[in-house]
Amino acid sequence: MSKTKQITYQVYGESWRFHVTSSRTYVRKFGSDSEAICLLDDREVWFNGDELDPQVIAHELMHIFFQQSNHKSAELDAHQVEELAAEIVARSFAVLPHMVIEIYSQLKR
């Protein structure tokens, strides 16, 4: 993969840009210790093209869902984290597979 591919995708009403780029470009920009990175403030997700798969996309979408949940406290206890995760899963379980397949298909074209 020599070029970066970008798509825009709506995640619960917010436009997010998803990028897939070569491993070389990804490592140069973000380092070699991850398969993808979610830049929440920029509403962007970057993927290492050599590592792109549906599980990685689902993982990054969960970061977006947590950000969209508007939890403001950095001091969540274990029970609160569990409740927040349960809310996010309940809200997204029906749409997550569809989102993952759509994003994956568009980035692989």
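Each remark here, short or long, concerns the structure printed above.
All residue numbers refer to position in the chain's written sequence, counted from 1. Under the rules for a predicted model, residues below a pLDDT of 70 receive no local features and side-chain atom pairs below 80 are neither given nor counted, while totals for whole chains, interfaces and linings still include all residues. Side-chain measures here rest on the full set of heavy atoms in the structure, leaving out hydrogens and waters.

Trainee: For this particular structure, what's the right way to read the sheet that holds strand β4 (residues 44-48)?
Mentor: Hydrogen bonds between backbone groups are what pair the strands of a sheet, and the pairing can be parallel or antiparallel. On the basis of which strands lie adjacent, the open sheet formed by 4 strands has the order β1-β2-β4-β3 and mixed pairing. Only two strands of the sheet have a single neighbouring strand rather than two, namely β1 (5-11) and β3 (36-39). This sheet shows a mean twist of 20° between the axes of neighbouring strands, independent of strand direction. As defined by bridge partners, β1 adjoins strand β2 (residues 14-21) across 7 bridges and the pair is classed as antiparallel. A pair of strands is considered paired only if DSSP assigns at least 2 bridges between the two. Here a strand is any run of E in DSSP of at least two residues, a helix any run of H or I of at least four, and the numbering for each starts at the N terminus. Geometry is summarised by axes, namely lines fitted to C-alpha atoms with helices restricted to the contacting stretch, and by angles between N-to-C directions that run from 0 to 180 degrees.

Trainee: It is not clear to me how the pairing of β2 should be interpreted in this structure. Could you clarify?
Mentor: On a regular strand, one side chain projects to one face of the sheet and the next to the other, so that they alternate. To sort residues, take the accessible area from a 1.4 Å probe on protein chains only and compare it with the maximum for the residue type: under 20% means buried, over 50% means exposed, and anything in between is partly exposed. Most of β2 sits out of view: 6 of its 8 residues are buried. Turn length for the β1-β2 hairpin, with the two strands adjacent in sequence and antiparallel, is 2 residues, and the turn residue tyrosine 12 shows positive phi of about 45°. As judged from the 5 bridges shared by β2 and β4, these two strands associate in the parallel manner. When the bridges of β4 are listed, threonine 21 appears paired with asparagine 48.

Trainee: Even after reading the chapter, I still don't get helix α4 (residues 96-108), so can you show me in this structure?
Mentor: Because an α-helix packs 3.6 residues into every turn, residues spaced three or four apart end up facing the same way. Between its terminal C-alpha atoms α4 stretches 18 Å, which fits the 18 Å expected from 13 residues at 1.5 Å a residue. Turning to α4, the residues buried within the fold contact β1, β2, β4, α2 (54-68) and α3 (78-92). To estimate the expected span of a helix, subtract one from its residue number and multiply by 1.5 Å. When checking whether two residues touch, look at their non-hydrogen atoms; a contact exists if any pair is within 4.5 Å.

Trainee: Whenever I open this one, the side chain of asparagine 48 confuses me. Can you help?
Mentor: As for its placement among the helices and strands, asparagine 48 is situated in strand β4. Ignoring sequence-local partners within four residues, the contact set of asparagine 48 consists of Thr21, Ser22, Ser23, Tyr26 and Glu35.

Trainee: Sorry if this is basic, but what is going on with the pattern of salt bridges here?
Mentor: Between side chains of opposite charge, a pair can form when the charged atoms approach closely. In what follows, salt bridge is the name for a side-chain nitrogen of Lys or Arg lying within 4 Å of a carboxyl oxygen of Asp or Glu. Overall, the coordinates contain 2 salt bridges when judged by the stated rule. Across the pair glutamate 14 and arginine 43 runs a salt bridge, and its minimum N-O distance is 3.5 Å. A residue pair is termed long-range when its members are at least 10 positions apart, and glutamate 14 in strand β2 and arginine 43 in the loop between β3 and β4 qualify at 29 residues. A relative accessible area of 36% places arginine 43 in the partly exposed class.

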